[in-house]
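Working through the structure, step by step
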Amino acid sequence: ALVPEAGRRGLLVELDDAPVRAGFTLMEVIVSLAVIAVAATIGVSMFGHSYALGKDIGDRRVAQRLAEEILTDMQRDPASFAWPAATDQLQPVPRTDGQSQALPPGVQATYPGANRVIQNQYENLRWRAYVKLSPGAKTCELTAVVSWVRSSRVRALTLTALAPLRVLEGKP
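Residues numbered from 1 in each chain as written. Predicted model: local features only at pLDDT ≥ 70, side-chain atom pairs only at ≥ 80, totals over all residues. Heavy atoms only, no water.

1. Observations regarding the packing of aromatic side chains
Applying the stated criterion to the full structure yields one aromatic pair. Centre to centre, the rings of F81 and W83 are 6.0 Å apart; their planes meet at 50°, and the pair counts as tilted. When its relative accessible area of 4% is taken as the criterion, F81 is described as buried. In this structure, R95 is placed above the aromatic ring of F81, and the distance from its NZ or CZ to the ring centre is 5.3 Å. (Phe/Tyr/Trp six-rings, centres within 6.5 Å; stacked < 30°, edge-to-face > 60°. Buried < 20%, exposed > 50% of the residue type's maximum accessible area, 1.4 Å probe, protein only. Lys NZ or Arg CZ within 6 Å of the ring centre and 35° of its normal.)

2. Some remarks on the sheet that holds strand β4 (residues 126–132)
Read from one edge of the open sheet, four strands run β3-β4-β5-β6, paired in antiparallel fashion. Lying at the two open borders of the sheet, with one neighbouring strand each, are β3 (91–92) and β6 (153–164). Contacting β4, β5 (139–150) and β6, helix α1 (residues 26–76) runs over the sheet at an angle of about 150° to β5. (Pairing = 2+ DSSP bridges. Helix = DSSP H or I, 4+ residues; strand = E, 2+ residues; numbered from the N terminus. Contact = heavy atoms within 4.5 Å. Axes fitted to C-alpha atoms, helices over the stretch in contact; angles between N-to-C directions.)

3. Digging into the pairing of β5
Where β4 and β5 come together, seven bridges link them in antiparallel fashion. Bridge assignment links K132 to a residue of β5, and that residue is E141. The hairpin turn running from β4 into β5, its antiparallel successor, is six residues long, and G136 in that turn takes a positive phi close to 85°. Following β5, the chain reverses through two residues before pairing antiparallel with β6; S151 in that reversal takes a positive phi of roughly 55°.

4. Focus: the environment of V62
Topologically, V62 is positioned in helix α1. Look at V62 and you get buried, because its relative accessible area is 2%. V62 has contacts with Q121, Y122 and L125, leaving out every residue within four places of it along the chain.

5. So, unusual backbone geometry
Located in the positive-phi region is S151, a residue other than glycine, with phi close to 55°. Tracing the sequence through the fold places S151 in the loop between β5 and β6. The phi dihedral of S152 falls on the positive side, at around 65°, and the residue is not glycine. Mapped onto the elements, S152 comes out in the loop between β5 and β6. Here S152 falls in the exposed class, since its relative accessible area comes to 75%.

Below, the structure is given as structure tokens:
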């Protein structure tokens, strides 16, 4: 209320039992904490999911690189593989040395920790090679299947290429 003050000009503002608000109510604090908790839960779950997705992408990248190396080796050095007779079926093509575990690349990384990471990635990979040699055909279908285990689930990547038969016979 505005009350004239004695002996002075002007009005004095008088607060008549007006409630003074200092701080937040308990309800406002609880609601804000709930909002923060929901946002934090969403953020943490997104981080976990993106971390797992990043690991899966890394595994697929290494598996693809290995599958490409296997297909290249099959064409570059056909003598190191035991080739089956020509049929219309997809048949396994084992290496003559029996190797089916992936070997890390021969090039070393710039620091030792990276070499261990690369070695771990390749240790978890297994591969198989297949060929489809149709009788009378001038080409053959080469397939490399790379598999690994992540989170108790077997994952696999398959890569197929078509190669001229003369390459497998060792002719240019």
